[in-house]
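Descriptive structure summary
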Amino acid sequence: MNPEFVNSLVLAYLGDSVIELMAREFLIRTSDKKKVNELYQQATHFVSSKAHADFIHHCLDVSFLTDDEITIYKRGRNTKNHKNETAEHRCSTGFEALIGYLYLQQNQTRINEIFSEFVKYVNETELR
């Protein structure tokens, strides 16, 4: 399967689940919280559209993404799903599409790099 030809919303659907799984695993491994509800509350900092949109803007500001990654992000961001989508939601969709794309490319190394930067960003900003 060539990720270049996969619908952007499908990439975002996949990327959303990858981010969710990584966030849950990260929290289980690093958090002192052991109750599911507490873990869920912490996970919301990593899986919200605000967190995704703010982080992708940060990545663009500091030139963290490659040109190809920016292209995939923009492709996902520019795909309309609902007529009342906010700019934040569209940016979040672009970020999720990028992660889905990298996942289909089996580029776990780059996903891990992006997720590590994401964790650092969430922990250093008011998103926490």
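Residues numbered from 1 in each chain as written. Predicted model: local features only at pLDDT ≥ 70, side-chain atom pairs only at ≥ 80, totals over all residues. Heavy atoms only, no water.

**Topic: the packing of helix α5 (residues 87–104) against helix α6 (residues 108–124)**
As a packed pair, α5 and α6 sit with axes 8 Å apart at the nearest point and diverge in direction by 150°. Considering their axes alone, α5 and α6 lie roughly antiparallel with respect to each other. The interaxial crossing formed by α5 with α6 has left-handed handedness. Note on element contacts: α6 touches α5 through Gln108, Arg110, Ile111 and Ile114, opposite Phe95, Leu98, Ile99, Leu102 and Tyr103. Residues that form the contact of α5 with α6 fall into these classes: seven nonpolar, one polar and one charged. (Axes fitted to C-alpha atoms, helices over the stretch in contact; angles between N-to-C directions. Helix = DSSP H or I, 4+ residues; strand = E, 2+ residues; numbered from the N terminus. Parallel < 35°, antiparallel > 145°, perpendicular 65-115°, else oblique. Left-handed = near helix turned anticlockwise from the far one by under 90°. Contact = heavy atoms within 4.5 Å. Nonpolar A, V, L, I, M, F, W, Y, C, P; charged D, E, K, R; others polar.)

**A short note on the packing of aromatic side chains**
Scanning all chains against the criterion turns up eight aromatic pairs. Seen from their ring centres, Phe55 and Phe95 are 5.5 Å apart, and the 75° between their planes marks the pair as edge-to-face. Of this pair, Phe55 sits in helix α3 (residues 49–61) while Phe95 sits in helix α5, and the two are 40 residues apart along the sequence. The exposure classification of Phe55 matches that of Phe95, with both residues buried. Ring centres of Phe55 and Tyr121 lie 5.8 Å apart, and the angle between their planes is 55°; on these two criteria the pair is classed as tilted. Placement of Phe55 in helix α3 and of Tyr121 in helix α6 is noted, with a sequence separation of 66 residues between them. The buried category is assigned to Phe55, whose relative accessible area is 0%. Aromatic rings pair up to connect Phe26, Phe46, Phe55, Phe95, Phe115, Phe118 and Tyr121 into one cluster. Here the guanidinium or amino end of Arg110 rests over the ring plane of Phe64, the centre of that ring lying 4.6 Å away. (Phe/Tyr/Trp six-rings, centres within 6.5 Å; stacked < 30°, edge-to-face > 60°. Buried < 20%, exposed > 50% of the residue type's maximum accessible area, 1.4 Å probe, protein only. Lys NZ or Arg CZ within 6 Å of the ring centre and 35° of its normal.)

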